[in-house]
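One-letter residues, chain by chain:
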Amino acid sequence: MKKTVLFILMTLGAYAREIGGQVPLVQMDLSASKGGDLLVSSQMIQNILHYQNWGGLFLNLQVHWFRLLFAIILIGVIVVFAIHYLIIGKKVFNENCPSVLVYPLFQRIIHWIAALSFVLIIPTGLIMMFGKYFGGGEFVRISRYIHSIGTVVFIIAFIPLFYIWVREMIISFKIDTKWVFILGGYLKKKHIKVPAGKFNFGQKTWFWMAILGGFVMIVSGAAMYFQDFNIPILYKLKLDQIDLLRIMAVVHNFVGMAILALFITHLYMSLFAIKGSLKSMLTGYKSVHELKYLNSSYYKKLLTKGFISEDKVEDD
Ligand code: HEM
């Protein structure tokens, strides 16, 4: 908790200092008297000697693979969905029939705070990754600050986001495996009744990636941000600080790739694949016609509970 408060204060402080045109973020104290500064001390010799631990792998991934893999994911996922949109197109449901409140106001507020955080985090993360093609310097440095501010916004949304949806995001083997076999009916133009609760398996995958992957990104990101910390258990694990930073960077990049792929998928599904989806996260309401087809198990539940009556929705 103390570190998080420190993190927020330092981010805002550094940002104010940067606006004020003062010194950059991490002030390296090279004076020999500063004990415990493991990055800039005699430890550096050890770090170099330990290079073969994670140094080689890290450098190889950093120099040859990370940018390439991010580029492949970014372009690859967008091209796949562009082809899907051209061949299958948008799913359109009858919006003149009754609708049901699926996203109450609090859920929508938390969702859009999370959305804002990713709008800050994802592009700036990519700018840092492809920094050299943006000429490096100021633009990339400011992106780094925006990236950390986006992280603060995500931390605010993180726990409520988990709390509001975790119960409905539990994987149900019986229903979700059926969904996977038909890929949610998204390879068909014709509407079919898809086995799904309030959230389908695809949405659950995105939720757990955003929550669990998001947590790993916060921790690995904070490690790379603070860089200089003294964690005694590291030495029990025969790891020194530079090793931990290298491991954190590798983890941050690979989990970042998975989140990027699923975030683009989320944007495609919510903005292009289903007409009325964005409206549902703005108004909270979804047409029962859509629920009847895309969330058929949830629809049956609403029927048995009497929230809706069958005669109001014609079959396609
Ligand atoms: C600009 C970015 C975003 C947009 C435009 C967006 C849009 C939407 C829309 C329209 C829905 C309703 C989908 C439906 O039920 O048909 C939705 C649901 C959801 N959103 Fe987002 N969202 C964004 C970012 C995020 C972020 C960053 C997270 C998590 C960190 C997130 C997590 C979720 C979850 C868990 C759901 C419910 C399940 C699902 O539909 O995937 N969203 N979003």
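Residues numbered from 1 in each chain as written. Predicted model: local features only at pLDDT ≥ 70, side-chain atom pairs only at ≥ 80, totals over all residues. Heavy atoms only, no water.

**Some points on the overall build of the chain**
In step 1: Counting its secondary structure elements, the chain contains twelve helices and two strands.
In step 2: Listing every helix and strand of the chain by position from the N terminus yields α-α-α-β-α-α-α-α-α-α-α-β-α-α.
In step 3: For the chain, buried positions account for 43% of its 316 residues.
In step 4: Of the contacts formed within the chain by residues at least 6 apart in sequence, a portion of 78% connects residues at least 24 apart.
In step 5: Summed over all atoms, the accessible surface of the chain reaches about 17,600 Å², with 73% contributed by carbon and sulfur. (Helix = DSSP H or I, 4+ residues; strand = E, 2+ residues; numbered from the N terminus. Buried < 20%, exposed > 50% of the residue type's maximum accessible area, 1.4 Å probe, protein only. Contact = heavy atoms within 4.5 Å. Areas by Shrake-Rupley, 256 points an atom, 1.4 Å probe, with all protein chains shown as cover.)

**With respect to unusual backbone geometry**
In step 1: Phi is positive for leucine 183, close to 45°, though the residue is something other than glycine.
In step 2: Of note, leucine 183 is situated in the loop between α6 (173-181) and α7 (201-226).

**Some points on the packing of α7 against helix α9 (residues 241-273)**
In step 1: The interhelical angle for the contact between α7 and α9, taken along N-to-C directions, is 150°, at an axis separation of 9 Å. By the angle between their axes, α7 is roughly antiparallel relative to α9. Judged by the twist between their axes, the crossing of α7 over α9 is left-handed. In this structure, α7 uses Thr205, Trp206, Met209, Gly213, Gly214, Val216, Met217, Ser220, Gly221, Ala223 and Met224 to contact α9, whose residues at the interface are Leu245, Met248, Ala249, Val251, His252, Val255, Gly256, Ala258, Ile259, Leu262, Phe263 and His266. (Axes fitted to C-alpha atoms, helices over the stretch in contact; angles between N-to-C directions. Parallel < 35°, antiparallel > 145°, perpendicular 65-115°, else oblique. Left-handed = near helix turned anticlockwise from the far one by under 90°.)

**A few points about the pattern of salt bridges**
In step 1: Under the definition given, this model contains seven salt bridges.
In step 2: Across the pair lysine 275 and glutamate 95 runs a salt bridge, and its minimum N-O distance is 3.4 Å. You can see lysine 275 sitting in the loop between α9 and α10 (277-283) and its partner glutamate 95 sitting in the loop between α3 (51-87) and β1 (99-101), a full 180 residues away along the chain.
In step 3: Judged by its relative accessible area of 40%, lysine 275 is partly exposed.
In step 4: Residue glutamate 95 is classed as partly exposed on the basis of its relative accessible area of 32%. (Salt bridge = Lys/Arg side-chain N within 4 Å of Asp/Glu carboxyl O.)

**As for the environment of lysine 286**
In step 1: One can find lysine 286 in strand β2 (residues 285-287).
In step 2: By relative accessible area, lysine 286 is classed as buried at 8%.
In step 3: Once the C-alpha coordinates of lysine 286 and valine 100 are considered, the two residues, 186 residues apart in sequence, prove to be 5.5 Å apart.
In step 4: The residues touching lysine 286, leaving out its near neighbours within four places in the chain, are Ser99, Val100, Val102, Tyr103, Ser280 and Leu291.

**Notes on the site of the ligand**
In step 1: Lining the immediate environment of the ligand, one finds 26 residues, of which Tyr103, His111, Gln203, His266 and Lys286 sit closest.
In step 2: In this structure, glutamine 203 approaches the ligand through a side-chain N or O atom, which is 2.8 Å from an oxygen atom.
In step 3: Take serine 277: an N or O atom from its side chain is 2.8 Å from an oxygen atom of the ligand.
In step 4: Elements supplying a minimum of two residues to the shell around the ligand: α4 (105-129), α5 (137-165), α7, α9 and α10. (Near = heavy atom within 4 Å. Polar contact = N/O pair within 3.5 Å; in protein donor to acceptor, adjacent residues only side chain to side chain.)

**Description of the confidence of the model for the chain**
Predicted coordinates in regions of low pLDDT should not be interpreted in detail.
In step 1: Taken over all residues, the pLDDT of the chain has a mean of 86, while the share at 70 or more is 80%.
In step 2: When pLDDT is averaged over each helix and strand of the chain, the minimum, 59, is found for helix α1 (residues 2-19) and the maximum, 97, for α4.
In step 3: In this model, residues 21-27 is a region of pLDDT below 50 whose contacts with residues beyond four sequence positions or in other chains number 14 contacts. (pLDDT = per-residue confidence, 0-100.)

**Observations regarding the nonpolar core**
In step 1: Of all hydrophobic cores here, the largest spans 60 residues; its most connected members are Phe70, Phe118, Ile122, Leu161, Trp165, Leu260 and Leu291.
In step 2: Only α3, α4, α5, α7, α9, α11 (288-294) and α12 (296-304) provide two or more residues apiece to this core.
In step 3: If one sorts the elements of this core by residue count, α9 sits on top with eleven residues.
In step 4: If near-sequence neighbours (up to four positions away) are discounted, isoleucine 122 is found in contact with Ile259, Leu260 and Phe263. (Core = buried A, V, L, I, M, F, W, Y, C linked by side-chain atoms within 4.5 Å.)

**Quick word on the environment of tryptophan 179**
In step 1: Note on placement: tryptophan 179 falls in helix α6.
In step 2: The class of tryptophan 179 is buried, set by a relative accessible area of 9%.
In step 3: For the pair tryptophan 179 and alanine 196, spaced 17 residues apart in sequence, the C-alpha separation works out to 6.8 Å.
In step 4: Contacts of tryptophan 179, omitting those with residues within four sequence positions, involve Gly184, Tyr186, Val194, Pro195, Ala196, Asn200, Phe201 and Gly202.

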